[in-house]
Amino acid sequence: MLAVTPQRMRMIVEGFIDVLELGLEKEGQMVPMLPTWVFGWPTGEEKGSYLAVDLGGTNLRVCEVELEGNGKFAITQSKYKLTDEQKVGDGQALFDFCAECLASFIQDHYTNEDGSVLLDKDIALGFTFSYPCVQERIDHGLLLRWTKGFGAAGVEGQDVVEMFKKSLQKNNVPVEITALINDTTGTLMASHYVDPRTRMGIIFGTGCNCAYVEKVKNIPKIAHLGLPGDAELAINCEWGAFDSETKEYLPRTKYDIHIDETSNKPGQQLFEKMIAGLYLGEVFRLVLCDMIEEGVLFHGQNTYKLDKPFCFDTALVSLIEADSTDELLTVIGLFSHFYSLETTVEERKFFKRLAVAIGTRAARLSACGIAAVCSKMGYLEEGGCGVATDGSLYNKYPKFPERIHEALVDIFGEKGRLIHTYHAEDGSGVGAAIIAAMAQERKAKGLYPQV
Ligand code: BGC
């Protein structure tokens, strides 16, 4: 049920390429291919001190980034936990919380001994907001829809920069929002800053998405702006939405359908829901629940602790696969500690195979997205490309990168080896600072808002 054959992958890639092109051609498509108004690449010589706020999925992070030029930087940061109530409560209150955290960060890092704030002018801030936003310019963005289980009221359809500004004013925070950034675009730029081979920035974390750089002449939907055709513009694909309307490419199981239908956004982000860290543990749990129902697991035990949706974190699935002991000792501990369940060695071996199957499927589907962008852009013909990748799944799930590479060979044959994925630089912090610096420079040169 969880297998994705090479033939199926090639079929998905074909469909994916069409969908990417459609998003560049017309507004309002399923995969929206959003212009980010980040033009070209960083030179590596961007310098200066910037603030970054990163509202991603799990935490809120505030960073101070010192860009030193030569592809070098230093970063100081604080993390703040977001509660489930904040994710789905009042939208303005969520931005108020971001502003309060930023205010306390500034208080801690920019205060003189007498308590006065040590800033002579508003400091430039890159705001990494990793949800699909339609941007008219770099410091603007209408939230298309929440993803990753967020649902804060009164934000969809609104300009999130304006909402954040309102909260900053309320808290007298001395910053200027220079750029609104998606984490994938940040990843792309931060990684290119240190390694110019980078062509794509991808996040495999709580959510999943990709950004790359496109020539303006290949983006028909912005032709009316009259920008130079050879100018290069970063595109936030928002590929997590792939197949959400078509529903004809992805091999969805009853578990995927259940996850989607019981989510706060049914019918949206169907590709993401089969890949991202937020969902893989739930796929695992649903398979277990099905087998409990059939009477083939945990004989004679009370399994009520597995009944709660999302109680099986994807991190546990990684741990199960990573257990290399013959008896699968970590798996014993994990089931007895978290779910008060005894396991037989056969059950544990099955759990490990299930973890392998779920992780492998996610990696193979991910490879389809990478292959689609590579084919569309002709990167293989140019001798290959670098794919900067970040997120807990890529960094922590056993063999995730290896499985992506195997799948790329299944899709392209030996040529697939020309695509290199590697761990990215911190896109949401350093990337945000680099993009804020690039935006500031364009503004200083009068190349604003767009061209
Ligand atoms: C969001 C993207 C984001 C990705 C990774 C998705 O749910 O729609 O904007 O880049 O998660 O964080």
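In the block above lies the structure referred to throughout.
Residues numbered from 1 in each chain as written. Predicted model: local features only at pLDDT ≥ 70, side-chain atom pairs only at ≥ 80, totals over all residues. Heavy atoms only, no water.

## A short note on the site of the ligand
Of all residues adjacent to the ligand, which total 15 residues, the nearest are Thr147, Asn182, Asp183, Glu238 and Glu272. Glu238 places a side-chain nitrogen or oxygen 2.6 Å from an oxygen atom of the ligand. With respect to the ligand, the side chain of Glu272 contributes an N or O atom lying 2.8 Å from an oxygen atom. Here the ligand has 310 Å² of accessible area as a free molecule, and 98% of this is covered by the chains. Contributions of two or more residues to the shell around the ligand are made by α5 (183-194) and β10 (208-215). (Near = heavy atom within 4 Å. Polar contact = N/O pair within 3.5 Å; in protein donor to acceptor, adjacent residues only side chain to side chain. Areas by Shrake-Rupley, 256 points an atom, 1.4 Å probe, with all protein chains shown as cover. Helix = DSSP H or I, 4+ residues; strand = E, 2+ residues; numbered from the N terminus.)

## With respect to the packing of helix α6 (residues 254-261) against helix α8 (residues 277-293)
Packing of α6 against α8 leaves a shortest axis separation of 10 Å and a crossing angle of 120°. Here α6 lies oblique to α8, going by the angle between them. The element α6 and its partner α8 pack so that their crossing is right-handed. The residues of α8 that touch α6, namely those facing Lys254, Tyr255, Asp256, His258 and Ile259, are Tyr279, Glu282, Val283, Leu286, Val287 and Asp290. (Axes fitted to C-alpha atoms, helices over the stretch in contact; angles between N-to-C directions. Parallel < 35°, antiparallel > 145°, perpendicular 65-115°, else oblique. Left-handed = near helix turned anticlockwise from the far one by under 90°. Contact = heavy atoms within 4.5 Å.)

## Thoughts on the sheet that holds strand β5 (residues 123-129)
Ordered in space as β4-β3-β2-β5-β8, the five strands form an open sheet in which the pairing is mixed. The two strands at the open ends of the sheet, each matched to only one other strand, are β4 (72-81) and β8 (175-181). For this sheet the average axis-to-axis angle between neighbouring strands, irrespective of direction, equals 25°. Looking at chain direction, strand β2 (residues 47-55) and β5 are connected through five bridges and run parallel. Residue Leu51 lies in a different strand from β5, and its bridge partner there is Leu125. In the packing of helix α3 (residues 91-109) onto the sheet, the strands contacted are β2, β3 (59-69), β4, β5 and β8, and the crossing angle to β4 comes to about 125°. (Pairing = 2+ DSSP bridges.)

## So, the pairing of β8
Of all the seven residues making up β8, six are buried; the element is thus mostly covered by neighbouring parts of the structure. Judged from the six bridges that link them, β5 and β8 form a sheet pairing that is parallel. Looking at the pairing, Thr128 lines up with Ile181 of β8. (Buried < 20%, exposed > 50% of the residue type's maximum accessible area, 1.4 Å probe, protein only.)

## Side note on the nonpolar core
Counting residues in each nonpolar core, the largest one holds 115 residues, and the members touching the most others are Met200, Tyr212, Trp239, Phe284, Phe312, Phe335 and Ile370. Per element, the largest residue contribution to this core is 15 residues, and it comes from helix α11 (residues 345-377). Counting 37 residues, the second-largest nonpolar core is a separate cluster that includes Ile123, Tyr131, Ala152 and Val175. (Core = buried A, V, L, I, M, F, W, Y, C linked by side-chain atoms within 4.5 Å.)

## Points about helix α4 (residues 160-170)
Of the residues making up α4, those classed as buried are Val160, Val161, Met163, Phe164, Ser167 and Leu168. Viewed end-on, α4 has its buried residues packed into an arc of 160°, placing them on one side of the element. Relative to its buried face, α4 has exposed residues pointing more than 90 degrees away, namely Lys166, Gln169 and Lys170. Looking at the buried side of α4, the elements it contacts are β2, α3, β5, β6 (133-134), β7 (142-143) and β8. Of the residues that open α4, the one with a side-chain oxygen 2.9 Å from the backbone nitrogen of Val161 is Asp159. Positive backbone phi, at 50°, marks Asn172, one or two positions downstream of α4. (Arc of directions from axis to C-beta.)

## Observations concerning unusual backbone geometry
In this model, Met33 sits at a positive phi of 45°, which is unusual for a non-glycine residue. If you trace the backbone, Met33 turns up in the loop between α1 (6-25) and β1 (34-39).

## Considerations on the packing of aromatic side chains
Centre distance and the angle of the planes are the two values used to describe a pair of aromatic rings. Counting across every chain of the model gives 29 aromatic pairs. Taken together, the ring pairs connect Phe284, Phe298, Phe312, Phe335, Phe338, Tyr339, Phe350 and Phe351 into an aromatic cluster. Positioned above the aromatic ring of Tyr131, the side-chain terminus of Lys148 is 4.6 Å from the ring centre. (Phe/Tyr/Trp six-rings, centres within 6.5 Å; stacked < 30°, edge-to-face > 60°. Lys NZ or Arg CZ within 6 Å of the ring centre and 35° of its normal.)

## Structural notes on helix α10 (residues 329-339)
For α10, the full list of buried residues reads Val331, Leu334, Phe335 and Tyr339. Viewed end-on, α10 has its buried residues packed into an arc of 90°, placing them on one side of the element. Opposite the packed face of α10, turned more than 90 degrees from it, sit the exposed residues Leu329 and His337. Check the buried side of α10 and you find it contacts α8, α9 (314-322) and α11. Backbone geometry just after α10 places Ser340 at a positive phi near 50°.

## Re the pattern of salt bridges
Using the criterion set out here, one finds 22 salt bridges in the structure. Residue Glu214 is joined to Lys376 by a salt bridge in which the shortest nitrogen-to-oxygen separation is 2.9 Å. Highlighted residues: Glu214 in strand β10 and Lys376 in helix α11, separated in sequence by 162 residues. As far as burial versus exposure is concerned, Glu214 and Lys376 are alike and both buried. The salt bridge partner of Lys217 is Asp230, with a shortest N-O separation of 3.1 Å. With Lys217 in the loop between β10 and β11 (232-236) and Asp230 in the loop between β10 and β11, this pair connects stretches of sequence that are 13 residues apart. Judged on exposure class, the residue Lys217 and its partner Asp230 are both exposed. Beyond isolated ion pairs, a larger network of salt bridges with shared partners links Asp54, Arg61 and Asp426. (Salt bridge = Lys/Arg side-chain N within 4 Å of Asp/Glu carboxyl O.)

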